[in-house]
Amino acid sequence: MRLDVLIFGGGAAGLWCLERFRRAGYHALLLESTALGAGQTIAAQGIIHGGGKYALRGVRDFAAVSATKAMPSRWRACLAGNEEPDLRDARVLSESCYLWLPKGSALARLQSLGFMSVVAKAGLLSTRPKRLPASRWPEALRGSAVAVYALAEPVISTGSLLKALAARHDKYIHRYDFAALRFEERSARIGDISLDPRTIVLTAGEGNAELLVRLGVGGEPMQRRPLGMVLLRGDLPPLFGHCIVGGKTQLTITAPEKRIWQIGGEIAERLAGETDDNAARQFALKEIHARLPALDLRNTEIALYRAVRAEARTADQRRPSGVHAGELAPGIIAAWPTKLSMAPVLADEVFALAEKNLKQPAGYPHHPLPPWPPPPIARYPWENAEWIPAR
Ligand SMILES: Cc1cc2nc3c(=O)[nH]c(=O)nc-3n(C[C@H](O)[C@H](O)[C@H](O)COP(=O)(O)OP(=O)(O)OC[C@H]3O[C@@H](n4cnc5c(N)ncnc54)[C@H](O)[C@@H]3O)c2cc1C
C-alpha cells in the first residue's frame, strides 16, 4: 500500500500530526501498538502551560516560557471550535490553575519573595498571575495558604482529548502487532501487508527508541526521565494548582474526576527514585500535610503510579525547553513534544520538515486501508491503582 505519511504512536503528538497531514490532503495513517496515549498522555495532568511555572525563581527557564507562551490561547481556540482541530468534545476540567504559598513555614516569606520573580517577569507571560483575596480562595486552600494567585492556564481531561482527536480520523488509525513489524528501508511489513510511505513519522514516546533500532537509525537521540506520581481518593474538594516552595512547584495538584486528586511536581521527581512503595506513600502524606495542613485526610486513600517522560536527549539530561522534531535519516522523522501542551507546535514542526521532501500529496487514486481494528483509548492510572487508606 502506497501512502504519503505513516505515523507510529497515537499519543497527543501522533494524533495531532495525523490531523495536520490529513487536513493538508496527505494520505496519512497512524499505527498504534497498544492503546492511544498509553505512555504519557493518559498519565499527564493535562495542564496547558503558558510558561508560569518555568518563570519561577527556582526554574528560570525563559526559553521554555517563550516556547509555551502562546499555548493557552491556541488551545482555547481549538477547544472553542474556532480553530482546527476542533476540540469541542474534549473536556475542560478547569479554566485556570492556582499558585499558592503554603502556611506554617518559617520560609514562607522568603518563598513569597522567590515567587515575586514570576510577577516581576510577568511581562513575559501570556497569562499574568493575579493575587486573589482570601474570599476567592478555593475551599481546599482555606486555612493552608498565606497567599493564592490565579493563573489562566486551562486544564483538560487527557482521555477526552485523545478521544476527540482520534474521532476526527478514526478510519486512519489502526492497532497493529508490533512483534510482527519488519522494516526494509522505509517500507514497513506487518504480516502479509506492506506499507510504503514516502515519509515515516515516529511519535511513539518512549517507543521511538525501539522503532529507531528496527529502522537501523543509531545515535540514541532520546532520554527518559521517570516520575513517581501520587493519587488521593476521597471527599476531596476540586483543586487545580501548584504549591510554590523554594521558587519551585513542590506539589502540582489536579482533580481529573470527582473524588480523585492527581499529584505531581517536585514530589514526583523525589519519589521517582524511591523503590519502597510504603516509604513513598509515607513521604507523600507527610509532604501533603505540610503543604495543606487544614486538609482532612481521614477517609482518604492513597496510591502511586510511575510514569516515564520520553524526550529528546539534552547534554545535561534536563528537560528540553521546547519541542524536538528531527529528520534522522532520509524520510524518517522522530519527534517528542516535551509537553502535552506543545503538541500543536510539534505537529507544525513535523509537517514543515516533512513537506520539504513531500512538497505535496502524491495524489494516490484510492486510499487503501489495512484491515486492523482501531485501538482503544488507554486507561487512566487511577483505574488500576492499588489504593491504601491514607493515615
Ligand atoms: C505524569 C506526567 C504528567 C504530565 N503532565 C503534563 C501536563 O500537565 N501538561 C503538559 O503539557 N505535559 C505533561 N506531561 C508531559 C506530556 O504528557 C508528554 O509530553 C506528552 O503526553 C507526550 O506525548 P506523546 O504523544 O509524544 O507520547 P505518549 O503519550 O507517550 O504516546 C506515545 C504513543 O505511542 C504508542 N507506542 C509506543 N510504542 C509504539 C510502537 N512501537 N508502535 C506504535 N505505537 C507505539 C504508545 O502506546 C502511545 O500511545 C506529563 C507527563 C507525565 C509522564
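How each quantity is defined
Residues numbered from 1 in each chain as written. Predicted model: local features only at pLDDT ≥ 70, side-chain atom pairs only at ≥ 80, totals over all residues. Heavy atoms only, no water. Pairing = 2+ DSSP bridges. Helix = DSSP H or I, 4+ residues; strand = E, 2+ residues; numbered from the N terminus. Contact = heavy atoms within 4.5 Å. Axes fitted to C-alpha atoms, helices over the stretch in contact; angles between N-to-C directions. Near = heavy atom within 4 Å. Polar contact = N/O pair within 3.5 Å; in protein donor to acceptor, adjacent residues only side chain to side chain. Areas by Shrake-Rupley, 256 points an atom, 1.4 Å probe, with all protein chains shown as cover.

Asks: I'm lost on the sheet that holds strand β12 (residues 222-233) in this one. Help?
Replies: Through backbone hydrogen bonds, the strands of a sheet pair up, either in parallel or in antiparallel fashion. Pairing in this open sheet of nine strands is mixed, and the strands run β5-β6-β4-β13-β14-β15-β12-β16-β19 from one edge to the other. In this open sheet, the two edge strands, each paired with only one partner strand, are β5 (130-131) and β19 (388-389). Where strand β4 (residues 97-102) and strand β13 (residues 241-245) come together, three bridges link them in parallel fashion. The residue bridging tyrosine 98 from the neighbouring strand is glycine 241, located in β13. The sheet contacts of helix α8 (residues 277-291) involve β4, β12, β13, β14 (248-257), β15 (260-264), β16 (301-312) and β19, and relative to β16 the element is tilted by about 95°.

Asks: Sorry, what's going on with the pairing of strand β17 (residues 324-329) here?
Replies: Each regular strand displays side chains that alternate between the two surfaces of the sheet. Alignment of β17 against strand β18 (residues 332-336), held across five bridges, turns out to be antiparallel. From the neighbouring strand, histidine 324 faces β18, where its bridge partner is tryptophan 336.

Asks: I tried to follow the site of the ligand on my own but got confused; where do I start?
Replies: In the region of the ligand, 39 residues are neighbours, and Glu32, Thr41, Ile47, Tyr176 and Ser341 sit closest. One of the side-chain nitrogen or oxygen atoms of glutamate 32 is found 2.6 Å away from an oxygen atom of the ligand. Within the backbone of serine 33, a nitrogen or oxygen atom sits 3.3 Å from a nitrogen atom of the ligand. Considering the ligand on its own, with 1000 Å² of exposed area, one finds that the protein chains cover 95% of that surface. With three residues, the single largest contributor to the shell around the ligand is β16.

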